[in-house]
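Listed below are the residues making up each chain.
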Amino acid sequence: MLDRSLLSLFTGLAFAAGTAFLSTQPAAAADKTLTIYTYESFTADWGPGPKVKAAFEKTCGCTVNYVSVTDGVALLSRLKLEGAGTKADVVLGLDTNLVDEAKDTGLFDASGVDTSALKVPGDFKDDVFVPYDYGHFAVIYDTQTVKNPPKSMKDLVESDPSQKIVIEDPRTSTPGLGLLLWVKSIYGDKSADAWTKLKGRILTVTPGWSEAYDLFTKGEAPMVLSYTTSPAYHMIEDKTERYQAAAFSEGHYIQIEVAGLVKASPNKDLARDFLKFMVSTGFQDIIPTSNWMMPAAATSTPLPDAFGKLVVPTKTFLMSPDVVEKNRKAWIDEWLTATSAN
């Protein structure tokens, strides 16, 4: 017969062990990791990434892990390289110019997200990719240096070559690809001639947006390819209207950014929860004053007054994803030839 004191001891130990086991369950749930591939400016300290991570982690019982690359085109290139062995659960930062090419990889699954509340120019809707913000590309200029900014793409291409511009590489950057498509939308089969004329104004071509904008704000060049929304950052954060967007008479090309669910994800339910979170006010409220783009859905509060001072394009250019997919390589080759020719 077991001694009562020993029985009491064993019972206590069993209870303690059971309590310890139960107490580890929330921690185990929180140990689930959602891996999101995105671009560097999203995950920067001043970008939306840290706030998005904090907001989603409050509800998901998980840890959000970002893996960032230079820019959106580089994001797709990395995913292609990794293939079905990718560690990504969600890819955030492609745009509509890349969605057909992304689908062709076979690496994405249907999002399962109701996007009926989203409002983006052109009413872009897709079963696979969820749009989360948008913005028109623009030439941003320093008003202290540029007294007569270009008023059209023709002005940019043909005006004073001493006023330099920094642009992004269309092979690695979605803004760089956006400029390529903007020029193509205006010049058509004469685009090569336009690039040949413009190359004299190009100070340098950077892999992504962050490097280009950093050079611009450091005064290396008086102009940079960015977005019509970029001046809002300076008005709100820097309390200055020094940096402005040039309004082009022909119109501006638009970027609609999207996110998608990776088919091989071991955390599909969690990934879908994140995509649903992206269309909610919890995510959309963060976008305007951290990603400095227009939200794709309603926010819980009105946009800051600075957004009312931004350039409003008179015309919006946007090519269909299938046209971009069919022609992207040929158009990039055209750009390379024109900008590298002596």
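Please read these numbers as outputs of a predicted model, since none were measured by experiment.

Visitor: I keep staring at the overall build of the chain and nothing clicks. Help me out?
Guide: Looking only at helices and strands, the chain has 13 helices and twelve strands in total. For the chain, with 342 residues in total, the buried portion stands at 49%. Expressed as a percentage of contacts within the chain between residues at least 6 apart in sequence, the contacts between residues at least 24 apart total 77%. Per element, the accessible surface of the chain, about 15,400 Å² overall, is 55% carbon and sulfur.

Visitor: Is there a simple way to explain the packing of helix 7 (residues 174-187) against helix 8 (residues 191-198) in this structure?
Guide: The geometry of a pair of packed helices is captured by two quantities: the angle between their axes and the separation between those axes. Where helix 7 meets helix 8, the axes come as close as 9 Å, and the angle between the chain directions of the two elements is 120°. With respect to each other, helix 7 and helix 8 are oriented oblique. Note on packing geometry: the crossing formed by helix 7 with helix 8 is right-handed. Here L179, L180, V183, K184 and Y187 of helix 7 lie close against helix 8, whose contacting residues are S191, A194 and W195. Split by residue class, the contact of helix 7 with helix 8 holds six nonpolar, one polar and one charged.

Visitor: Quick question: what am I supposed to make of the packing of aromatic side chains here?
Guide: The way to describe two aromatic rings as a pair is by their centre distance and the angle between their planes. Summed over all chains, the structure comprises 16 aromatic pairs. A centroid spacing of 5.4 Å and a plane angle of 40° characterise the contact between F56 and F277, whose relative ring orientation is tilted. Here F277 lies in helix 11 (residues 268-278) and F56 lies in helix 3 (residues 49-60), a separation of 221 residues in the sequence. As far as burial versus exposure is concerned, F56 and F277 are alike and both buried.

Visitor: Looking at this model, I keep getting lost on the pattern of salt bridges. Mind explaining?
Guide: Side-chain pairs of opposite charge can arise where the charged atoms are in close proximity. Per the stated rule, a full pass over the model turns up 14 salt bridges. In this structure, K309 engages E241 in a salt bridge whose closest nitrogen and oxygen atoms are separated by 3.2 Å. With K309 in the loop between strand 11 (294-295) and strand 12 (316-317) and E241 in the loop between helix 10 (230-237) and strand 9 (243-245), the pair connects residues that are 68 residues apart, well separated along the chain. In this structure K309 comes out as exposed when scored by relative accessible area, which is 52%.

Visitor: Explain the nonpolar core to me, please; I cannot follow it from the model alone.
Guide: As a rule of thumb, soluble globular proteins bury nonpolar side chains together. F56, V91, L94, F108, W182, W195 and F274 are the most contacted members of the largest nonpolar core, which totals 98 residues. Among the elements that take part in this core, strand 5 (residues 129-142) stands out by supplying nine residues, more than any other. Listed in part, the six residues of the second largest apolar core include A232, A306, F307 and L310.

Visitor: Please clarify how the state of the cysteines should be interpreted in this entry.
Guide: Across all of its chains, the model carries one disulfide by this definition. Between the sulfur atoms of C60 and its disulfide mate C62 the distance is 2.0 Å. Around the S-S axis, the bridge from C60 to C62 shows a dihedral of about -90° and counts as left-handed. Neither residue differs from the other here; C60 and C62 are each classed as buried.

Visitor: Explanation requested: the layout of surface pockets in the structure shown.
Guide: Taken as a whole, the largest pocket holds about 490 Å³ of empty space. Lining the largest pocket are 24 residues; nearest its centre among them are S41, W46, W209, Y213 and W292. For the lining of the largest pocket, the element with the highest residue contribution is helix 9 (residues 209-217), accounting for five residues. If you add up the space inside the second largest pocket, you get close to 160 Å³.

Visitor: Can you help me understand the pairing of strand 1 (residues 33-39) in this one?
Guide: The side chains of a regular strand alternate between both faces of the sheet. Burial analysis of strand 1 places six of its seven residues in the buried class, the great majority of the element. The pairing of strand 1 with strand 2 (residues 63-69) spans seven bridges and is classified as parallel. The residue of strand 2 that forms the bridge with L34 is V64. Where strand 1 lies against strand 3 (residues 90-95), two bridges are found, and the strand directions are parallel. What sits directly across from Y37, in strand 3, is V91.

Visitor: Just to check I follow, could you spell out the pairing of strand 5 for this structure?
Guide: The element strand 5 is extensively covered by neighbouring structure, given that 14 of its 14 residues are classed as buried. In terms of strand pairing, strand 5 meets strand 10 (residues 252-262) through seven bridges, oriented antiparallel. Across the sheet, Y134 pairs through a bridge with I256, a residue of strand 10. Alignment of strand 5 against strand 11, held across two bridges, turns out to be antiparallel. Within strand 11, the residue paired with Y134 across the bridge is M294. Here strand 5 pairs with strand 8 (residues 223-227) via five bridges, running antiparallel. By the bridge assignment for strand 8, Y141 is matched with M223. For strand 5 and strand 9, the ladder comprises three bridges, and the chain directions are antiparallel.

Visitor: Whenever I open this one, the packing of helix 7 against helix 13 (residues 321-340) confuses me. Can you help?
Guide: Two elements in contact, helix 7 and helix 13, have axes separated by 11 Å at closest approach and are oriented at 90°. Regarding the angle of helix 7 to helix 13, the classification is roughly perpendicular. On helix 13, the residues touching L177, L180, L181 and K184 of helix 7 are V324, R328, W331, I332, E334 and W335. Among the residues forming the contact of helix 7 with helix 13, the class breakdown is seven nonpolar, no polar and three charged.

Reading the values: rules and limits
- Residues numbered from 1 in each chain as written.
- Predicted model: local features only at pLDDT ≥ 70, side-chain atom pairs only at ≥ 80, totals over all residues.
- Heavy atoms only, no water.
- Helix = DSSP H or I, 4+ residues; strand = E, 2+ residues; numbered from the N terminus.
- Buried < 20%, exposed > 50% of the residue type's maximum accessible area, 1.4 Å probe, protein only.
- Contact = heavy atoms within 4.5 Å.
- Areas by Shrake-Rupley, 256 points an atom, 1.4 Å probe, with all protein chains shown as cover.
- Axes fitted to C-alpha atoms, helices over the stretch in contact; angles between N-to-C directions.
- Parallel < 35°, antiparallel > 145°, perpendicular 65-115°, else oblique.
- Left-handed = near helix turned anticlockwise from the far one by under 90°.
- Nonpolar A, V, L, I, M, F, W, Y, C, P; charged D, E, K, R; others polar.
- Phe/Tyr/Trp six-rings, centres within 6.5 Å; stacked < 30°, edge-to-face > 60°.
- Salt bridge = Lys/Arg side-chain N within 4 Å of Asp/Glu carboxyl O.
- Core = buried A, V, L, I, M, F, W, Y, C linked by side-chain atoms within 4.5 Å.
- Disulfide = S-S within 2.5 Å.
- 1 Å grid on protein atoms, 1.4 Å probe; cavity = no way out; pocket = protein on both sides within 12 Å on 5 of 7 lines; lining within 4 Å.
- Points joined across faces, edges and corners; volume = space filled by probe spheres on them.
- Pairing = 2+ DSSP bridges.

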